[in-house]
Amino acid sequence: AKRTLVLDICFRSLADQGQFPITQNVTVVEGATANMTCRVDYNDNTSLQWSNPAQQTLFFGDKKALRDHRIELVRASWQELTIRISDVSLSDEGQYTCSLFTMPVKTTKAFLTVLGVPGRPEITGFTKPAMEGDVITLTCTTTGSKPAANIRWFRNDKEVQGSTKVNATGKSFTVRSSLQFQVDRQDDGVAYTCSVEHVSLTNPYMTTEVLEVHYAPHLEITHSLIIPQEGQYLKLECVSIGNPIPEPVLWSKDGGELPDIERMIVEGRELTITTLNKTDNGTYRCEASNHLGTSSAEYILFVYDPNALGQHGPDHALIGGVVAVVVFITLCLIIVLGRYLARHKGTYLTHEAKGAEDAPDADTAIINAEGNHVHAEEKKEYFI
């Protein structure tokens, strides 16, 4: 038994001399807590020690050596020494050393990586409202990231490319991304979103700027009837596009005021004419403006007599007669052309047999006919 105990002590002593502490690199987000663990498989009452990147001793066994309230002991034994660093800052990042005090001392390094969380992004450079044709620059900025954050731009739901600059500020980075473009009326109400992505974030940080673009008005007139007839009522609407909304809408007829305000009723952008008659014929105009300009639109009204429309409906008999004449002429042309081709073909065959008709007897006719067949290929003609 004594011999076995001596061998075990010798084995442990050799193991202690040959082994190194086991550590792992640690990555935490700034402000979080980092646990640093050092362990050994065999230890003959030999102390373990943690040191910071400045080679200051943090813990020697279970004895705290550095006065820092953020650093606490989690576990201390002959096989393990674990410490906790709370509220980790970027300055805590670096290479930590675990030492096993054998002869000689064995050390192992563990790197603590601290991720700098980017700040919430801000968009600057846009003053509402912009005027159509202005060139504007949107700049999205985020600070405090480590490593540098990535910024992406979206125009509504479609990604657009910006110009990005990264500046180091101590151990963290400030990232700026800019978009420059000329605005038009299509940009009014468009949302530009800046998205900040970083390894420390589960979901990206986002901020949005909705553009307001002012532009000159454009007017169109829509009408409720395709063929206005006497006795009907007609509604005209002045559809306006512009920002600010062009108003008020002014209606006129043939360059002057509306002649019959009892039948011609104006309600906002709509003009309703009740009981149409021939006196309502003319050019109706709507006009509206904003601080960027004035626009107008016109509608020419012609009131039809419903009885006249019935009398002058399409003459189907006349149309059928014209179609019949065209078909007849086409058939005649086809017949004439066919007879012309047939006549020329018959004349050619008659000349081919001419030698046989002039022969005095049957034998001579056969000979003459055979002679004509010899030159048949030379006389062949084609008619198209």
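Residues numbered from 1 in each chain as written. Predicted model: local features only at pLDDT ≥ 70, side-chain atom pairs only at ≥ 80, totals over all residues. Heavy atoms only, no water.

Asks: Quick rundown of the confidence of the model for the protein? Include the residues and the values.
Replies: Summarising the model, the protein shows a mean pLDDT of 85, and 81% of its residues fall at 70 or more. Here residues 347-354 is a poorly scored stretch, pLDDT under 50, and it has 5 contacts once near neighbours within four places are set aside; other chains count. The low-confidence segment residues 372-384 (pLDDT under 50) makes 8 contacts with residues lying over four places distant or belonging to another chain. (pLDDT = per-residue confidence, 0-100. Contact = heavy atoms within 4.5 Å.)

Asks: Tell me about the side chain of Asp187, and please be specific about residues and values.
Replies: Mapped onto the elements of the fold, Asp187 is located in the loop between strand E16 (172-182) and strand E17 (191-197). A relative accessible area of 5% means that Asp187 is categorised as buried. Non-local contacts of Asp187, meaning those with residues more than four positions away in its chain, are made with Arg155, Gln182, Tyr192, Leu211 and Val213. (Helix = DSSP H or I, 4+ residues; strand = E, 2+ residues; numbered from the N terminus. Buried < 20%, exposed > 50% of the residue type's maximum accessible area, 1.4 Å probe, protein only.)

Asks: An account of the packing of aromatic side chains is needed here, citing residue identities and associated values.
Replies: For the structure shown, the criterion picks out 3 aromatic pairs. With centroids separated by 4.9 Å and ring planes inclined at 20 degrees, the aromatic side chains of Phe181 and Tyr192 adopt a geometry described as stacked. Residue Phe181 is located in strand E16, and its partner Tyr192 is located in strand E17; the two are separated by 11 residues in the primary sequence. Taking the centre distance of 4.9 Å and the plane angle of 75 degrees together, the rings of Phe302 and Tyr304 count as edge-to-face. Phe302 gets classed as partly exposed once you look at its relative accessible area, which sits at 44%. (Phe/Tyr/Trp six-rings, centres within 6.5 Å; stacked < 30°, edge-to-face > 60°.)

Asks: Tell me about the nonpolar core, residues and numbers included.
Replies: Counting residues in hydrophobic clusters, the biggest one holds 22 residues, and the most contacted among them are Val28, Met36, Leu48, Trp50, Ile83, Tyr96 and Leu112. Mapped onto this core, the elements with two or more residues apiece are strand E1 (26-29), strand E2 (34-39), strand E3 (48-51), strand E4 (57-60), strand E7 (80-85), strand E8 (94-100) and strand E9 (106-115). Once residues lying within four places of it in the same chain are set aside, the contact partners of Tyr96 are Met36, Trp50, Ser51, Asn52, Pro53, Leu58, Ile85, Thr108, Lys109, Ala110 and Leu112. Ranked by size, the runner-up nonpolar core spans 21 residues in total, among them Phe181, Val183, Val190 and Val196. (Core = buried A, V, L, I, M, F, W, Y, C linked by side-chain atoms within 4.5 Å.)

Asks: I'd love a proper account of the sheet that holds E17, names of residues and values included.
Replies: Strands sit in the order E14-E13-E17-E18 across an open sheet of 4 strands; the sheet is antiparallel. Edge strands, defined here as strands with exactly one partner in the open sheet, are strand E14 (158-160) and strand E18 (205-210). In this sheet, adjacent strand axes meet at a mean angle of 30 degrees when their direction is disregarded. The sheet contact formed by strand E13 (residues 150-155) and E17 spans 6 bridges and is antiparallel. Along E17, the bridge assignment pairs Asn150 with Glu197. (Pairing = 2+ DSSP bridges. Axes fitted to C-alpha atoms, helices over the stretch in contact; angles between N-to-C directions.)

Asks: Any details on the state of the cysteines? Residues and values, ideally.
Replies: On inspection of all chains with the given rule, the structure shows 3 disulfides. Sulfur-sulfur distance for the disulfide between Cys140 and Cys194 comes to 1.8 Å. Judged by the sign of its S-S torsion, about -65 degrees, the bond between Cys140 and Cys194 is left-handed. Within this pair, whereas Cys140 is found in strand E12 (residues 135-145), its partner Cys194 is found in strand E17, the two being separated by 54 residues in sequence. Residue Cys140 is classed as buried on the basis of its relative accessible area, which comes to 0%. Note on Cys194: relative accessible area 0%, which makes it buried. (Disulfide = S-S within 2.5 Å.)

Asks: Quick one: what's the story with unusual backbone geometry, residue by residue and with numbers?
Replies: Here the amide bond leading from Met103 into Pro104 is cis, since omega sits at 0 degrees, within 30 degrees of zero. The amide bond that connects Glu247 to the next residue, Pro248, takes the cis arrangement and shows omega of 0 degrees. Position of Pro248 among the secondary structure elements: in the loop between strand E20 (234-243) and strand E21 (250-253). With phi around 65 degrees, Gln55 is a residue other than glycine that occupies positive phi space. Its location among the elements puts Gln55 in the loop between E3 and E4. The phi torsion at Thr275 lies on the positive side, around 50 degrees, for a residue other than glycine. Here Thr275 lies in the loop between strand E23 (270-273) and strand E24 (282-290).

Asks: Give a description of the side chain of Thr193 that names residues and reports values.
Replies: Within the fold, Thr193 resides in strand E17. With residues up to four places along the chain from it excluded, the contact list for Thr193 reads Arg152, Trp153, Phe154, Met206, Thr207 and Thr208.

Asks: Break down the pattern of salt bridges for me, with residues and values.
Replies: According to the stated counting rule, one finds 16 salt bridges in the structure shown. A salt bridge links Arg70 to Asp68, with the nearest nitrogen and oxygen atoms 3.2 Å apart. Asp68 carries the same exposure label as Arg70, and that label is buried. A salt bridge links Asp187 to Arg155, with the shortest nitrogen-to-oxygen separation between them at 2.8 Å. With Asp187 in the loop between E16 and E17 and Arg155 in strand E13, this residue pair connects regions lying 32 residues apart in the sequence. Within this structure, Asp68, Arg70 and Asp92 form a network of salt bridges that share partners. (Salt bridge = Lys/Arg side-chain N within 4 Å of Asp/Glu carboxyl O.)

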